[in-house]
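# Breakdown of the fold
What follows is each chain in one-letter form.
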Amino acid sequence: MKLCTITGSRAEFFLLKNLITKLTYDKKIKNDLLVTGSHNSAFFGNTIKDIRKSNFRIKAQIDLKIKKDKPSDISNYFSEGVKKFSYYLNKIKPDLILILGDRYEIFSAAIAAHILRIPIAHIYGGETTQGAIDEGIRHSITKLSHIHFVSTNKYFSRVKQLGENPKMIFNVGSLGVEALKKNKTISKKNLEKKLGIKFRKKNILITFHSETIHGEKKNVKNLKIFLDSLKNLKDTSLIFTAPGADFYYKSIFKEIKKFVKKIPQAYFFKSLGHENYFSLCKKVDLMIGNSSSGIIEMPSFKKWSINIGVRQEGRVRAKSIIDIKFKKSEIEKLILKLLFTKNTSFLKNTKNPYDNGNSSDKIIKILKKIKLPNIYNKKFYDYI
């Protein structure tokens, strides 16, 4: 099989990394890697260098020249992606493309492949994020795809509900949960030295993205409310990771940097890398923000996650995740409650619904069994 795997962001690459490693050494699959999106952006840390450090051979670097963050800019990046992916996919002529998630650059690859009549295997379909435009993009990619690798039974049902053949939908669990199990963690002392941070009595990991269903003013207003709820925490380290390349990322970046500059116990990183990130997940007391990682991976560390706003609304979640609105007093109260609670038995017994074994091995096994001829011309599956 001639496969083409596409990655467009640091978060998505960490999910795909173990799978790409196994595909690289599989004798029955020839895997070409296409790198796009924010990987090529200096603003986001030029994370293409992390891919090169992993010794993966990059077949093509598809640079969308991401520099702006308004909706019209994203539309331009999308159209540029369709154009460039059409060129490279037509040149490579893979039997199948493998994509993950719901970002606009991945959607552009799916559109290009669909028009070129190249079948698509999609990871993480059926999920819902009602506070982001990714919601519509994800379901659109599902309809363009032919093989579906979902992470829970509920998502299996949703993909089936969209008219996909249940025989082509496979619950393989989360690649992220698999990755954190295989990743070695670094000690607090070495993390402090490596990252230039100081762990205090309490420590919080923070990731905040825009809610792309809202405008820039509302996103900035909500972020300021959130940051204001953190500034009075005593003897607590606040470790921020950068927002993704969504709408208004520059305004979010600017406000977080301004906050970090004023607060001595706050730190900011454009890109931590997987080893550092997972090590922090293990060492901090809780995670707060609106990242999918707080919902999908953090429960496996038996730690609390505070999910703010509506960006991740609709996702299946463990009981260790607490949802809250952008209200300063309520956020402050909840943070203090979770930081100083003595009831750890609840967390120890929390199950992660995304933990379903060795996801990458399952995906490769299924890919090898699928008969690709004639798979492109699929039918709408009526299950009612």
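Higher on the page you've got the structure.
Conventions adopted
Residues numbered from 1 in each chain as written. Predicted model: local features only at pLDDT ≥ 70, side-chain atom pairs only at ≥ 80, totals over all residues. Heavy atoms only, no water. Salt bridge = Lys/Arg side-chain N within 4 Å of Asp/Glu carboxyl O. Buried < 20%, exposed > 50% of the residue type's maximum accessible area, 1.4 Å probe, protein only. Helix = DSSP H or I, 4+ residues; strand = E, 2+ residues; numbered from the N terminus. Pairing = 2+ DSSP bridges. Axes fitted to C-alpha atoms, helices over the stretch in contact; angles between N-to-C directions. Contact = heavy atoms within 4.5 Å. 1 Å grid on protein atoms, 1.4 Å probe; cavity = no way out; pocket = protein on both sides within 12 Å on 5 of 7 lines; lining within 4 Å. Points joined across faces, edges and corners; volume = space filled by probe spheres on them. Nonpolar A, V, L, I, M, F, W, Y, C, P; charged D, E, K, R; others polar. Phe/Tyr/Trp six-rings, centres within 6.5 Å; stacked < 30°, edge-to-face > 60°. Core = buried A, V, L, I, M, F, W, Y, C linked by side-chain atoms within 4.5 Å. Polar contact = N/O pair within 3.5 Å; in protein donor to acceptor, adjacent residues only side chain to side chain.

### Quick notes on the pattern of salt bridges
A pair can form between side chains of opposite charge whenever their charged atoms are brought close. As enumerated under the stated definition, the model contains 23 salt bridges in all. Put simply, K30 and D32 hold a salt bridge, and the shortest N to O gap is 3.0 Å. Of the residues examined, K30 reaches a relative accessible area of 42% and is grouped as partly exposed. Notably, a salt bridge pairs K70 with E216, separated by 3.9 Å at the nearest N-O pair. Of this pair, K70 sits in the loop between β3 (58–61) and α3 (71–92) while E216 sits in helix α9 (residues 216–228); the two residues are 146 residues apart in sequence, bridging distant segments of the chain. The exposure class of E216 is partly exposed, given its relative accessible area of 24%. It is possible to trace a salt-bridge network through shared partners that takes in R103, E105, D134, D246 and R311.

### Observations concerning the sheet that holds strand β5 (residues 120–123)
If you walk across this open sheet you meet the seven strands as β3-β2-β1-β4-β5-β6-β7, and the pairing is parallel. Only two strands of the sheet have a single partner each, and these edge strands are β3 and β7 (169–171). Direction aside, the axes of adjacent strands within the sheet are offset by 20° on average. Against the sheet, helix α15 (residues 359–369) makes contact with β1 (2–7), β4 (96–100), β5, β6 (147–150) and β7, and its axis sits at roughly 165° relative to β6, the strand it touches most.

### Observations regarding empty space enclosed by the protein
The full count for this structure, using the stated rule, is two cavities of 30 Å³ or more. Taken as a whole, the largest cavity holds about 70 Å³ of empty space. Residue lining of the largest cavity: T207, M287, I288, G289, N290, S291, G294, I295, S305, I306, N307 and I321, and that is the complete set. Contributing elements (two or more residues each) for the lining of the largest cavity: β11 (286–289), α12 (292–296) and β12 (304–308). When the residues that make up the lining of the largest cavity are grouped by side-chain class, the tally is five nonpolar, seven polar and no charged. Taken as a whole, the second largest cavity encloses approximately 50 Å³ of empty space. In this structure, the second largest cavity is lined by I74, R103, Y104, I133, D134, T212, A245, D246 and F247.

### Let's talk about the layout of surface pockets
One number sums up the size of the largest pocket: a volume of about 1,100 Å³. Every residue lining the largest pocket is counted, 50 residues in all, and those nearest its centre are S9, R10, A11, E12 and F14. A total of seven residues in the lining of the largest pocket trace back to one element, the largest contributor, which is helix α1 (residues 10–24). Here the lining of the largest pocket is composed, by residue class, of twelve nonpolar, 21 polar and 17 charged.

### Some words on the packing of aromatic side chains
With the rule as written, the count across this model stands at 19 aromatic pairs. With centroids separated by 6.3 Å and ring planes inclined at 35°, the aromatic side chains of F278 and F301 adopt a geometry described as tilted. Within this pair, whereas F278 is found in helix α11 (residues 274–283), its partner F301 is found in the loop between α12 and β12, the two being separated by 23 residues in sequence. In terms of burial, F278 and F301 fall into one category: buried.

### Details of the nonpolar core
In this structure, L19, I123, I147, F149, L175, I239 and L280 are the most contacted members of the largest nonpolar core, which totals 53 residues. Broken down by element, this core gets its largest block of residues, seven residues, from α1. Not counting chain neighbours up to four residues away, the residues in contact with L19 comprise L98, I123, L175, S360, I363 and I364. Core analysis: the second largest hydrophobic core is formed by 32 residues, V260, W304, I306 and L338 among them.

### Concerning unusual backbone geometry
Of note in this structure, Y124 is not a glycine but carries a positive phi near 80°. The residue Y124 is located in the loop between β5 and α5 (134–144) in this model. A relative accessible area of 6% means that Y124 is categorised as buried. A positive phi is found at D235, a non-glycine position, where the angle reads about 50°.

### Notes on the environment of H39
One can find H39 in the loop between β2 (30–35) and α2 (48–53). You can call H39 buried: its relative accessible area is 0%. For the pair H39 and S9, spaced 30 residues apart in sequence, the C-alpha to C-alpha distance is 5.5 Å. Sequence-distant contacts of H39, that is, excluding residues within four places in its chain, are made with T7, G8, S9, R10, F13, N46, T47, I48 and I51. Of the polar contacts made by the side chain of H39, one reaches the backbone oxygen of S9; its length is 3.1 Å.

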